[in-house]
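# Coordinate inspection notes
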Amino acid sequence: MKRKKTKADEVSEAVSKFPTKNKEGFTDNEIKQLCEMFKIEEKKLNTALGTNTVIMIDGEIITYHCDVEKALICCVEHRDMNALEWD
């Protein structure tokens, strides 16, 4: 029996297939595009991201794929990140 695709599955797929400018992660503009795709307010996503590690490439803040994915999943599931998800 085939498992039904969840919102979390959709988020994971979108994050993994998103054509990011940098292989390391997402620019702010790319994160905005994902928010629009999943109809999530940027403020909510930023709250879900919380304090996370980022890098700078050519003066742009880059957020790692795994952090964006976890925050988006929390938003679409209307929940906070649990201790095991936070790194």
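### What about unusual backbone geometry?
- In this model, Lys39 sits at a positive phi of 55°, which is unusual for a non-glycine residue.
- The residue Lys39 is located in the loop between α2 (28-37) and α3 (42-49) in this model.
- Of note in this structure, Asp58 is not a glycine but carries a positive phi near 50°.
- One can find Asp58 in the loop between β2 (54-57) and β3 (60-64).

### Section: the pairing of β3
- Pairing analysis gives 2 bridges linking strand β1 (residues 25-26) to β3, with the strands arranged antiparallel. Each bridged residue has a counterpart across the sheet, and for Phe26 the counterpart in β3 is Thr63.
- In the sheet, β2 pairs with β3 via 4 bridges, with the strands oriented antiparallel. What sits directly across from Met56, in β3, is Ile61.
- In sequence, β2 turns back onto β3 through a hairpin of 2 residues, with Asp58 there showing a positive phi of about 50°.

### A closer look at the packing of helix α1 (residues 7-17) against helix α4 (residues 65-76)
- Look at α1 against α4: their axes get within 9 Å of each other, and the N-to-C directions meet at 150°. In terms of orientation, α1 and α4 fall into the roughly antiparallel class. Considering the relative orientation of α1 and α4, their crossing is right-handed. Only His65, Glu69, Leu72, Ile73 and Val76 of α4 make contact with α1, whose side of the interface consists of Lys7, Ala8, Val11, Ser12 and Val15.

### As for the packing of aromatic side chains
- Scanning the entire structure with this criterion turns up 1 aromatic pair.
- On the numbers, 5.4 Å between centres and 55° between planes, the contact of Phe18 with Phe26 is tilted.

### Quick look at the sheet that holds β2
- If you trace the 3 strands from one edge of the open sheet to the other, you get β1-β3-β2, paired in antiparallel fashion. The open sheet is flanked by β1 and β2, the only strands paired with a single partner.

Conventions used here
- Residues numbered from 1 in each chain as written.
- Predicted model: local features only at pLDDT ≥ 70, side-chain atom pairs only at ≥ 80, totals over all residues.
- Heavy atoms only, no water.
- Helix = DSSP H or I, 4+ residues; strand = E, 2+ residues; numbered from the N terminus.
- Pairing = 2+ DSSP bridges.
- Axes fitted to C-alpha atoms, helices over the stretch in contact; angles between N-to-C directions.
- Parallel < 35°, antiparallel > 145°, perpendicular 65-115°, else oblique.
- Left-handed = near helix turned anticlockwise from the far one by under 90°.
- Contact = heavy atoms within 4.5 Å.
- Phe/Tyr/Trp six-rings, centres within 6.5 Å; stacked < 30°, edge-to-face > 60°.

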